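Residue-level structure breakdown
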Amino acid sequence: MYENRPESPTTASPPVTPRSIVVIGAGHAGAQMAESLRLGGFEGSLILIGDERHRPYERPATSKDLLSGVMEMDRVFLKRENYYHEKKIDLRLGVRVTAIDRAQRKVICDDGDSIGYDNLVIATGARARTLQVPGADLDGIFTLRSLADSQAIGARMKPGARLAVVGGGYVGLEVAASAIKLGCAVTVIEMQERLLGRVVAAEVADFYDRAHRAAGVDIRYGVVIEEFKGAAGAVRGVGLTDGSMIAADLVVVGVGAAPNTELAAAAGLAVENGIVVDDCGRTADPAIFAIGDATNHPNDILGKRLRLESVPAAMGQARAAASAILGAPKPFHELPWFWSDQYDLKLQIAGLSEMGDRVVLRGDPDSRRFAAYYLRRGAVAAVNAINSGKDFLGGRKLIVEGRIVDPARLADPLIPLAEV
Ligand SMILES: Cc1cc2nc3c(=O)[nH]c(=O)nc-3n(C[C@H](O)[C@H](O)[C@H](O)COP(=O)(O)OP(=O)(O)OC[C@H]3O[C@@H](n4cnc5c(N)ncnc54)[C@H](O)[C@@H]3O)c2cc1C
């Protein structure tokens, strides 16, 4: 079993009912925290500090509908503009917290302010990893993590633009699909021999390979970037280790994310692939909680610790931590789930694919509606559902129930999931 509680508290306990709460990070987790605190009846001072200049928004849309122009900019925000004012949430945008002083219970900001707290919530999320190769600082090379990144990339996605996407994970493939919609010529460069790493079954990765190629994307497998080539300071191409060169006026590097744990680590909190917290987001300091992509937290359904990059997990953890701060803890209890939208394909994943030992396909990939079930010792461990809400929801239920299934019946889409 995993160890649920972080090591024992090191500082004096905060007041039982906090008067002031500071949240660092105005992303999905931080915004949900502020909302849940007010919904839960917290009436004290509530300060939400974010280093981006936009109020909290739907981060997933930045590679999907917002990037492809299907979504209007004003629909991307989680709340209307005056919500924070109405709820007396002091939203400070464009401000970065540079240090946490645990002894004095205050945070130091880059605008010179220092702000005291009874409870502190660290919701600093993750940042896009970058590539350290020659030419990486040329104009036209981007990573995608924020709305500002999405706007900058979108402004260059003109019809005919040559886009190279480095990395065939979710973000890279969603950018590729959005760029195709906008009329760009797209090449995806993937180091492995397949798309989407280990997060989906090989059959699902093959299906996405075919879908992207059919849409006009060129995919190069098993190659590594050696350098970016430029002219007059702007990118002109991507040099690969096999000696080939891919012409590009725009590059999006989608090679994963790293948790923003530096503030917590510098303050002496435990960090192991994320800030170590329990199932209510508690750190070892009773005044400090951490939630979202930045954390390493226990999942009781899977019986292990995880660091997830998922909106539902960030919001669920925020609700759990808010309940604990307000004195009525309701621990985070949810099977991990994710989604990805590419073209007309909605991929929904429940559970962790890496926990399976065998894959069973249900339905025909050519119909563009099917599912891959991962079994582990005869029970469903994860499901990858493509355009099939039924398989996603039914599969999720099977995972949580832990029932042994008959693989032959599971493979037959005419047999209802409840009877497999
Ligand atoms: C392009 C893209 C597409 C995605 N698509 C999906 C999807 O389809 N489904 C899904 O479930 N998940 C998706 N994700 C992941 C999802 O966005 C994250 O899991 C979610 O945003 C995590 O919420 P969070 O609040 O923990 O972190 P974030 O939303 O990253 O928020 C953290 C915030 O804290 C700020 N911050 C960091 N340090 C400081 C500091 N010192 N001072 C002040 N502010 C600070 C950051 O700038 C950021 O605004 C996607 C992510 C990206 C980038």
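Given the structure is predicted, the values throughout are model-derived calculations rather than measurements. (Residues numbered from 1 in each chain as written. Predicted model: local features only at pLDDT ≥ 70, side-chain atom pairs only at ≥ 80, totals over all residues. Heavy atoms only, no water.)

1. So, the domain arrangement of the protein chain
- For the protein chain, the assigned domains read domain 1 (20–127 + 257–325), domain 2 (130–253) and domain 3 (344–419).
- Between domain 1 and domain 3, the C-alpha centre-to-centre distance is 33 Å. (Domains from an automatic or database assignment.)

2. Some details on the sheet that holds strand 10 (residues 162–166)
- Sheet architecture is open: five strands sit in the order 9-16-10-11-12, paired in parallel fashion. Unpaired on one side and paired on the other, strand 9 (141–143) and strand 12 (218–221) mark the two borders of the sheet. For this sheet the average axis-to-axis angle between neighbouring strands, irrespective of direction, equals 20 degrees.
- Sheet topology places strand 10 next to strand 16 (residues 250–253); four bridges connect them, and they run parallel. From the neighbouring strand, valine 165 faces strand 16, where its bridge partner is valine 252. (Pairing = 2+ DSSP bridges. Helix = DSSP H or I, 4+ residues; strand = E, 2+ residues; numbered from the N terminus. Axes fitted to C-alpha atoms, helices over the stretch in contact; angles between N-to-C directions.)

3. Structural notes on the packing of helix 1 (residues 28–39) against helix 7 (residues 311–325)
- Relative orientation of the contacting elements helix 1 and helix 7 amounts to 35 degrees, with a least axis distance of 8 Å. In the packing of helix 1 onto helix 7, the handedness of the crossing is right-handed. Residues His28, Ala29, Gln32, Met33, Ser36 and Leu37 of helix 1 touch helix 7, and the partners they reach there are Val311, Ala314, Met315, Ala318, Arg319, Ala321, Ala322 and Ile325. (Left-handed = near helix turned anticlockwise from the far one by under 90°. Contact = heavy atoms within 4.5 Å.)

4. Topic: the site of the ligand
- Around the ligand, 35 residues are found, and the nearest of them are Asp51, Glu52, Lys64, Arg145 and Asp293.
- In this structure, an oxygen atom belonging to the ligand sits 2.7 Å away from a main-chain N or O atom of alanine 29.
- Between the ligand and serine 310 there is a distance of 2.8 Å, counted from an oxygen atom to a backbone nitrogen or oxygen.
- Protein chains shield 94% of the accessible area of the ligand, which is 990 Å² for the free molecule. (Near = heavy atom within 4 Å. Polar contact = N/O pair within 3.5 Å; in protein donor to acceptor, adjacent residues only side chain to side chain. Areas by Shrake-Rupley, 256 points an atom, 1.4 Å probe, with all protein chains shown as cover.)

5. As for the pairing of strand 20 (residues 295–299)
- Burial runs high along strand 20: five of the five residues are buried.
- Burial of the side chains of strand 20 extends over both faces: Thr295, His297 and Asn299 are buried on one face and Asn296 and Pro298 on the other.
- As judged from the two bridges shared by strand 18 (residues 275–276) and strand 20, these two strands associate in the parallel manner. Of the residues in strand 20, the one forming a bridge with isoleucine 275 is threonine 295. (Buried < 20%, exposed > 50% of the residue type's maximum accessible area, 1.4 Å probe, protein only.)

6. Remarks on the environment of proline 329
- You can see proline 329 is positioned in the loop between helix 7 and strand 22 (337–342).
- Beyond its immediate chain neighbours, meaning those up to four positions away, proline 329 contacts Cys280, Arg282, Ser323 and Ala324.

7. Topic: helix 8 (residues 389–401)
- Its 13 residues place the ends of helix 8 18 Å apart at the C-alpha level, agreeing with the 18 Å of an ideal helix rising 1.5 Å per residue.
- Every buried residue of helix 8 is listed here: Asp391, Phe392, Gly394, Gly395, Leu398 and Ile399.
- Along its buried surface, helix 8 packs onto strand 22, strand 23 (345–351), strand 24 (358–362), strand 25 (370–376) and strand 26 (379–386).
- Within two residues after helix 8, glycine 402 carries a phi angle of roughly 70 degrees, on the positive side. (Expected span 1.5 Å × (residues − 1).)

8. Overview of the environment of glutamate 354
- Mapping glutamate 354 onto the fold places it in the loop between strand 23 and strand 24.
- What makes glutamate 354 partly exposed here is its relative accessible area of 43%.
- Separated by 155 residues in sequence, glutamate 354 and valine 199 have C-alpha atoms that sit 7.0 Å apart.
- Setting aside residues no more than four positions away along its own chain, glutamate 354 makes contact with Arg198 and Lys304.

9. Topic: the pattern of salt bridges
- Counted by the stated rule, this structure contains 24 salt bridges.
- Residues aspartate 341 and lysine 346 are paired through a salt bridge, measuring 2.8 Å at the closest nitrogen-oxygen approach.
- For aspartate 341, a relative accessible area of 26% gives the class partly exposed.
- Lysine 346 sits in the partly exposed class, given a relative accessible area of 34%.
- Through salt bridges with shared partners, a single ionic network connects Asp90, Arg92 and Asp113. (Salt bridge = Lys/Arg side-chain N within 4 Å of Asp/Glu carboxyl O.)

10. Side note on helix 1
- Over its twelve residues, helix 1 runs 16 Å from end to end, which matches the ideal 16 Å to within 8%, given 1.5 Å per residue.
- Of all twelve residues in helix 1, eleven are buried, a share of seventy percent or more.
- By the burial criterion, the buried members of helix 1 are His28, Ala29, Gly30, Ala31, Gln32, Met33, Ala34, Glu35, Ser36, Leu37 and Arg38.
- Contact partners of the buried residues in helix 1: strand 1 (20–24), strand 2 (45–50), helix 2 (83–86), strand 3 (89–93), strand 7 (119–122) and helix 7.
- Where helix 1 ends, the next residue or the one after it, glycine 41, has phi of about 100 degrees, a positive value.

11. Quick word on the sheet that holds strand 20
- Read from one edge of the open sheet, three strands run 18-20-21, paired in mixed fashion. The open sheet has two edge strands with one neighbour each: strand 18 and strand 21 (304–306).
- Alignment of strand 20 against strand 21, held across three bridges, turns out to be antiparallel. Across the sheet, the residue bridging to asparagine 299 is lysine 304, located in strand 21.

12. A look at the packing of aromatic side chains
- Under the defined criterion, the tally for this structure stands at five aromatic pairs.
- Ring geometry for tyrosine 83 versus tyrosine 84: centroids 5.1 Å apart, planes at 90 degrees, classification edge-to-face. For the pair shown, tyrosine 83 and tyrosine 84 are each scored as buried.
- Ring centres of tryptophan 337 and tryptophan 339 lie 6.0 Å apart, and the angle between their planes is 35 degrees; this geometry places the pair in the tilted category.
- Among the aromatic residues, ring-to-ring pairing joins Phe207, Tyr208 and Phe370 into one connected group.
- Lying across the ring of phenylalanine 77, arginine 55 places its NZ or CZ 4.1 Å from the centre.
- The cationic tip of lysine 79 hangs over the ring face of tyrosine 83; the distance from NZ or CZ to the ring centre is 4.9 Å. (Phe/Tyr/Trp six-rings, centres within 6.5 Å; stacked < 30°, edge-to-face > 60°. Lys NZ or Arg CZ within 6 Å of the ring centre and 35° of its normal.)

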